[in-house]
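Each chain, letter by letter, is given below.
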Amino acid sequence: MTPNTLDQARVEEFAGNVLETYTRSIVTLMIDLGYRTGLFESAAQGPTTSEGLAERAGLQERYVREWLAAMTTAGIVEFDATARTYTLPAEHAACLTGPGAANLAPLARVTTHLAEHVPRVASAFREGGGVPYSEYRPEFTNVMDSVSRNFFDEHLVERVVPLAPGLPERLAAGARVADVGCGTGHAVVLLAKAFPGSTFVGYDLAEDAIAQARAEAAEAGADNAYFEVRDAAKLTADPPYDAVLTFDCIHDQADPAGVLERINAMLVPGGNYVMMEPAASSLLEENVANPVAPLLYGVSTLHCMTVSLASGGVGLGTAWGAQMTREYLAHAGFGPVLAYDAPDDPLDTIFVTHKPETTEP
Ligand SMILES: C[S@@+](CC[C@H](N)C(=O)[O-])C[C@H]1O[C@@H](n2cnc3c(N)ncnc32)[C@H](O)[C@@H]1O
């Protein structure tokens, strides 16, 4: 096709889309800045000038004013040109502030963090292999903590645990539970505090994450929470567990099928398995209409897939999807699978299943 035969309107429309994409990616970094500096929390206190906001947040006014200009032109903050005041509307504050799972601001850190790894991932495109998990730490550990902490605080005990049939009763009666790929262990600490008669063990490869988890458990007085640096590929079933949880961990694995088989082997017959994984279809064509699918595939390329490939793994990818998840669970020996949308989290699905009793058909 020569320039003369190009549909110029389509070219211009697409060029506009590209520029809009670049604009939004920079806005993401500005949201990260607002999150890190506490500017959203300060702005949510009410309309103010740039000087007023800088004073509230204890920051330099010139930086705050430039950030406010970006926020205003991005449609996040409203500007009153007469009063020279800026307002974070309550509806926007609901999405960018507070300790709840609805606060999307921490998610902006993912973009900032993964952007640092673009050059290394580009090399892997040429040379094969991948970027190992260790190269993402310690920043990755802290980014993941800030992304999932609010979700666990708000929903783990009240909404996630009850999805697994019989699990609340087991935990109340006293059960042995593992969180595989527990990161900084916040989920384990919350469960340990909520169910003091049960024992919880968090496993993770990351020494920095396990150190943070132990510190948090000690500070919380959760003496029924234990943590161990352990590769999920080397988990043992001695003694067996009544329930295993994995949050956003299986798709990263070098050998996800092997890890799922180990998890199945770790469980008592009838034991629960609760698995949170990114919400997607296994078929690209079914993800085209999903507005967050590019986020999943992008995070996959820049982290989840490449860490698996780095250790010679299968590189499932973040969007390995519900159909493949069910196949893997069946292959690992699990029973029927129920799938739920993760509360307040459009990016994840919670799969609930169990290890069949030997007498089950
Ligand atoms: C995406 S993060 C999720 C962390 C935590 N579950 C959360 O939701 O915040 C995945 C975690 O799994 C851990 N991980 C990945 N592969 C692992 C393996 N083979 N064995 C143990 N942990 C692993 C990583 O170190 C990381 O902490």
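The name recorded for the protein chain in an unreviewed UniProt entry is SAM-dependent methyltransferase, from Lipingzhangella halophila.

Engineer: Just to check I follow, could you spell out the overall build of the protein chain for this structure?
Structural biologist: Assigned secondary structure in the protein chain consists of 15 helices and 9 strands. Compactness check: the protein chain gives a C-alpha radius of gyration of 23 Å against a globular reference of 21 Å for 361 residues, within 12% of the reference. A buried classification covers 44% of the 361 residues belonging to the protein chain. Within the protein chain, residue pairs in contact and separated by at least 24 positions form 68% of the contacts whose partners lie at least 6 positions apart. Treating the 22 positive side-chain charges of the protein chain as one cloud and the 47 negative ones as another, the clouds have centres 4 Å apart.

Engineer: Sorry, what's going on with helix α8 (residues 139-160) here?
Structural biologist: Residues that lie three or four places apart on an α-helix share one face, since the helix turns once every 3.6 residues. Look at α8: only 27 Å from first C-alpha to last across 22 residues, short of the 32 Å you get at 1.5 Å a residue. Within α8, the axis deviates most sharply at F152, by approximately 50°. Listing the buried residues of α8 in full gives F140, T141, V143, D145, S146, S148, N150, F151, F152, H155, L156 and V160.

Engineer: Just to check I follow, could you spell out the packing of helix α3 (residues 50-57) against helix α4 (residues 61-73) for this structure?
Structural biologist: Between two packed helices, the angle of one axis relative to the other and the distance separating the axes together describe the packing. Between α3 and α4, the shortest axis-to-axis distance is 9 Å and the interhelical angle comes to 115°. In this structure, α3 meets α4 at a crossing whose hand is right-handed. Contacts between α3 and α4 pair S50, E51, L53 and A54 from the former with E61, V64, R65, W67 and L68 from the latter.

Engineer: Explanation requested: the site of the ligand in the structure shown.
Structural biologist: Around the ligand, a shell composed of 20 residues is seen, among which S148, G181, D204, A232 and Q253 lie nearest. D231 is positioned such that a nitrogen or oxygen atom in its side chain is 2.9 Å from a nitrogen atom of the ligand. F247 has a polar backbone atom sitting 3.0 Å from a nitrogen atom of the ligand. Burial of the ligand by the protein chains amounts to 93% of its free accessible area of 590 Å².

Engineer: Mind showing me how you'd approach the packing of aromatic side chains here?
Structural biologist: The geometry of an aromatic ring pair is captured by two quantities: the separation of the ring centres and the angle between the planes. Applying the stated criterion across every chain yields a total of 7 aromatic pairs. Ring centres of F152 and F247 lie 4.9 Å apart, and the angle between their planes is 70°; on these two criteria the pair is classed as edge-to-face. Residue F152 is located in helix α8, and its partner F247 is located in strand β6 (residues 241-247); the two are separated by 95 residues in the primary sequence. We note that F152, like F247, is buried. Members of the aromatic cluster, joined through ring pairs, are F151, F152 and F247. Positioned above the aromatic ring of Y241 is the side chain of R176, whose terminal nitrogen or guanidinium carbon lies 4.1 Å from the ring centre.

Engineer: Explanation requested: the pattern of salt bridges in the structure shown.
Structural biologist: If the charged atoms of two oppositely charged side chains come close together, the side chains can form a pair. Counted by the stated rule, this structure contains 10 salt bridges. When the shortest N-O distance is used, the salt bridge between D32 and R36 registers 2.7 Å. Linking D32 with R36, this pair stays in helix α1 (residues 8-37), spanning 4 residues, or about one helical turn. Take D32: its relative accessible area is 2%, and that puts it in the buried class. Linking R230 and E228 is a salt bridge whose minimum nitrogen-to-oxygen distance equals 2.7 Å. Judged by relative accessible area, which is 21%, R230 ranks as partly exposed. E228 gets classed as partly exposed once you look at its relative accessible area, which sits at 29%. By sharing partners, the salt bridges in this structure join D32, R36, R109 and E139 into a single network.

Engineer: How should the side chain of S308 be read in this particular structure?
Structural biologist: Mapped onto the elements, S308 comes out in helix α14 (residues 293-310). Take S308: its relative accessible area is 0%, and that puts it in the buried class. Each residue touching S308, except ones within four places of it in the same chain, is listed here: D252, Q253, A254, G313, V314, G315 and L316.

Engineer: What's the story with unusual backbone geometry in this structure? I'm lost.
Structural biologist: Peptide bonds are trans in most cases, and residues, glycine excluded, mostly fall at negative phi. A cis geometry characterises the amide bond from R137 onward to P138, with omega recorded as 0°. Secondary-structure assignment places P138 in the loop between α7 (118-127) and α8. With an omega dihedral of -5°, the bond running from D238 to P239 counts as a cis peptide bond. In this fold, P239 is placed in the loop between β5 (225-229) and β6. One non-glycine residue, R84, adopts positive backbone phi at about 60°. With respect to the helices and strands, R84 occurs in the loop between β1 (78-80) and β2 (85-87). Located in the positive-phi region is D344, a residue other than glycine, with phi close to 60°.

Engineer: Looking at this structure, I do not really get the sheet that holds strand β7 (residues 267-278). What am I missing?
Structural biologist: One open sheet accounts for 7 strands, arranged β5-β4-β3-β6-β7-β9-β8; its pairing is mixed. Of all strands in the sheet, those with a lone pairing partner are β5 and β8 (338-341), marking the two edges. Adjacent strand axes in the sheet meet at a mean angle of 20°, parallel and antiparallel pairs treated alike. In terms of strand pairing, β8 meets strand β9 (residues 348-354) through 4 bridges, oriented antiparallel. Note on β9: the bridge partner recorded for D341 is T349. Sheet contacts for helix α15 (residues 321-331): β7, β8 and β9; angle to β9, the most-contacted strand, approximately 20°.

What counts and what doesn't
- Note on numbering: residues in each chain are counted from 1, in written sequence order.
- Per-residue local features of the predicted model are confined to residues with pLDDT of at least 70, and side-chain atom pairs are confined, for both listing and counting, to 80 or more; whole-chain, interface and lining totals are unaffected and use all residues.
- Note that water and hydrogens are dropped before the side-chain values are worked out from all heavy atoms of the structure.
- Per the convention used, a helix needs a DSSP run of H or I reaching at least four residues, while a strand needs a run of E reaching at least two, with both numbered from the N terminus.
- Note that the radius of gyration is over C-alpha atoms, with the globule rule given as 2.2 Å times the number of residues to the power 0.38.
- Each residue is placed in one exposure class: buried if its accessible area under a 1.4 Å probe, protein chains only, is under 20% of its type's maximum, exposed if it is over 50%, and partly exposed if it falls in between.
- Residues are treated as being in contact if the distance between any of their heavy atoms lies within 4.5 Å.
- Positive charges come from Lys and Arg alone, negative charges from Asp and Glu alone, with His and the N- and C-terminal ends not counted.
- A charged residue contributes its charge at one atom only: NZ of Lys, CZ of Arg, CG of Asp or CD of Glu.
- Multiply 1.5 Å by the residue count of a helix minus one, and that product is the helix's expected span.
- Working definition for bend: take the seven residues up to and ending at a residue and the seven starting at it, fit an axis to each, and measure the angle between the axes.
- Inter-axis angles, ranging from 0 to 180 degrees, are taken between N-to-C directions of lines fitted to C-alpha atoms, where helices are fitted over the stretch in contact.
- The hand of a helix crossing depends on one turn: near helix anticlockwise from the far one by less than a right angle means left-handed, and clockwise means right-handed.
- Nearness is judged by heavy atoms alone; a residue qualifies as near a molecule or strand once a single heavy atom is within 4 Å of it.
- Two N or O atoms count as a polar contact when they lie within 3.5 Å, although within protein this holds only if one can serve as hydrogen donor and the other as acceptor, and sequence-adjacent residues are included solely when both atoms are side-chain atoms.
- Where accessible areas are quoted, they stem from the Shrake-Rupley method and a 1.4 Å probe; at the residue level, only the protein chains shown are allowed to cover.
- In this analysis, rings of Phe, Tyr and Trp, with Trp reduced to its six-membered ring, are considered paired at centre separations within 6.5 Å, and the interplanar angle assigns stacked below 30 degrees, edge-to-face beyond 60, and tilted for intermediate values.
- Comment: the charge-over-ring label is applied if NZ (Lys) or CZ (Arg) is within 6 Å of the ring centre and within 35 degrees of the ring normal.
- By salt bridge we mean one thing: a side-chain nitrogen of Lys or Arg within 4 Å of a carboxyl oxygen of Asp or Glu.
- One requirement defines pairing of two strands: DSSP has to find at least two bridges between them.

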